[in-house]
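Topology and contacts: notes
So you can see what is in the structure, the chains are spelled out below.
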Amino acid sequence: MSPQIPKNKQLSPSVTVGDLQKTLNGHKLSPDITSKTSNMKCDYCSSKIFTNDKVSQYLCDDVLNTKHPKAKYIKESNQFVQLATYCSSCTSELLFYPCRNYSEIRTVFKLSDSWDMINLTVTDVSLNSDGIPWKPKQLSEKISTISFEKSELITNDNLWGPENIYTIYNAALKNIAVEDIINYDGSINNKKLSTAKKEYENFRNIMGSKGFTENAFRDYVKNK
Ligand SMILES: [Zn+2]
């Protein structure tokens, strides 16, 4: 059973859960998907996504990559943008690690034969006044010791939302999870951070030897 989010719940001053479901239901998974549909990949584990799968998306009303050409428009227009798609294995009805100051949404749906999103339901909402007050950019910089913009994982053509930082570091780290490093007040546990830094350095060495390719990342995550 999906969590029941009332249709009249406001996601922004002008959009309700019902409005968003109506807007997205029946639309293609991504406007960019044409003939390359077989290359659709999960944004958590990099596995392929197939038609007829039950999958999910992560939507957010603001982005971390403020230098992206679309960033200003997104912030000003108060629009929700689709920042991640998860395969059936990684799909969760709940947001992974909701972040204060961002309005975040989970949608779960089935993919039709022609990549339409069907039976789409909003299964979790964390408005900007909710969630844990963690700082995704700062966390990325503390773990990787590289500025957010210069991190090999954070490429400039992606918009990035808080949940993307959560999944990418959880995919990279082996024995420690993002939720272990952040306390519930949003502060960082320095002891756990030092373990995470060592693990990330290992990850970086392995990935660096393979050129930080998408395939190398997928293999790394699969063989963790
Ligand atoms: Zn996946």
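Since the model is a prediction, treat every value here as computed from it, not as a measurement. All residue numbers refer to positions counted from 1 along the written sequence of the respective chain. In view of the model being predicted, local features appear only for residues whose pLDDT reaches at least 70, and side-chain atom pairs are presented and counted only at 80 or more, with totals across whole chains, interfaces and linings using the full set of residues.

1. Examining the overall build of the chain
- From N to C terminus, the chain includes seven helices and six strands.
- Per the convention used, a helix needs a DSSP run of H or I reaching at least four residues, while a strand needs a run of E reaching at least two, with both numbered from the N terminus. In the chain, the succession of α and β elements from N to C terminus is β-β-α-β-α-β-β-β-α-α-α-α-α.
- Exposed residues have 12 or fewer other C-beta atoms within 10 Å of their own C-beta, buried residues have 20 or more, and residues in between are partly exposed; the C-beta atoms are placed from the backbone. Looking at the chain as a whole, 34% of its 224 residues qualify as buried.
- Any pair of residues counts as being in contact when their C-beta atoms, constructed from backbone geometry, are within 7 Å of one another. Sequence separation of at least 24 residues holds for 69% of the intrachain contacts in the chain that already meet a minimum separation of 6.

2. Considering the domain arrangement of the chain
- Domain assignment breaks the chain into domain 1 (10–126) and domain 2 (136–222).
- The straight-line distance from the C-alpha centre of domain 1 to that of domain 2 is 22 Å.
- Residue-level contacts link 23 residues of domain 1 with 20 residues of domain 2.
- Among the secondary structure elements, those contributing two or more residues to the side of domain 1 that touches domain 2 are β3 (54–60) and β4 (81–86).
- It is β4 that provides the largest number of residues to the side of domain 1 that touches domain 2, a total of three residues.
- Broken down by class, the residue content of the side of domain 1 that touches domain 2 amounts to 15 nonpolar, four polar and four charged. Segmentation into domains, and thus their bounds, comes from an automatic or database assignment. When residues are sorted by character, Ala, Val, Leu, Ile, Met, Phe, Trp, Tyr, Cys and Pro go into the nonpolar class, Asp, Glu, Lys and Arg into the charged class, and all the rest, Gly among them, into the polar class.

3. Focus on the packing of helix α3 (residues 136–144) against helix α4 (residues 162–172)
- The axes used here are C-alpha line fits, helices contributing only the stretch in contact, and every angle between their N-to-C directions lies in the interval 0 to 180 degrees. Between α3 and α4, the least distance of the axes is 9 Å, while the angle of their chain directions is 25 degrees. As summarised for this structure, α3 and α4 are arranged roughly parallel, according to the angle between their axes. Once α3 is placed against α4, the crossing between them reads as left-handed. Residues P136, L139, S140 and I143 of α3 lie in contact with α4, whose contacting residues are P162, I165 and Y169. An angle counts as roughly parallel when it lies under 35 degrees, as roughly antiparallel when it exceeds 145, as roughly perpendicular when it falls between 65 and 115, and as oblique in every other case. Less than a right angle of anticlockwise turn of the near helix away from the far helix marks a crossing as left-handed, whereas a clockwise turn marks it as right-handed.

4. Thoughts on α4
- Of all 11 residues making up α4, 10 are buried, and the element is well covered by its neighbours.
- Within α4, the full set of buried residues consists of P162, E163, N164, I165, Y166, T167, I168, Y169, A171 and A172.

5. Looking at the sheet that holds β4
- Strand pairing requires that DSSP identify at least two bridges connecting the strands. Spatially, the four strands line up as an open sheet ordered β4-β3-β5-β6, and their pairing is antiparallel. Of all the strands in the sheet, the pair left with one neighbour each is β4 and β6 (117–126). Sheet twist, expressed as the average angle between the axes of neighbouring strands with direction ignored, equals 25 degrees.
- Across five bridges, the pairing between β3 and β4 is antiparallel.

6. Describing the nonpolar core
- Note on terminology: a nonpolar core is any set of buried Ala, Val, Leu, Ile, Met, Phe, Trp, Tyr and Cys residues joined through C-beta atoms within 7 Å. Within the largest apolar cluster, 52 residues are counted, with the highest numbers of intra-cluster contacts made by C60, Y86, Y169 and A172.
- Every element with two or more residues in this core is listed here: β3, β4, β5 (104–111), β6, α3, α4, α5 (178–181) and α6 (190–209).
- A per-element tally of this core places α4 first, with six residues.
- Two domains each put at least three residues into this core: domain 1 (10–126) and domain 2 (136–222).
- In this structure C60 touches F80, V81, L83, Y102, S103, E104 and G161, once residues within four positions along its chain are discounted.

7. Section: the environment of M40
- Note on placement: M40 falls in the loop between α1 (17–24) and β3.
- On the neighbour-count criterion, M40 (20 C-beta atoms within 10 Å) is buried.
- Residues M40 and F217, spaced 177 residues apart in sequence, show a C-alpha to C-alpha distance of 15 Å.

8. Points about unusual backbone geometry
- A positive phi angle, near 60 degrees, is found at T145, a position not held by glycine.
- The topology assignment puts T145 in the loop between α3 and α4.
- For T145, a count of 12 C-beta atoms within 10 Å translates into the label exposed.
- Phi is positive for W160, close to 65 degrees, though the residue is something other than glycine.

9. Concerning the pairing of β3
- In terms of residue burial, β3 counts as a mostly covered element, since six of its seven residues are buried.
- Alignment of β3 against β5, held across seven bridges, turns out to be antiparallel. The residue bridging V55 from the neighbouring strand is F109, located in β5.

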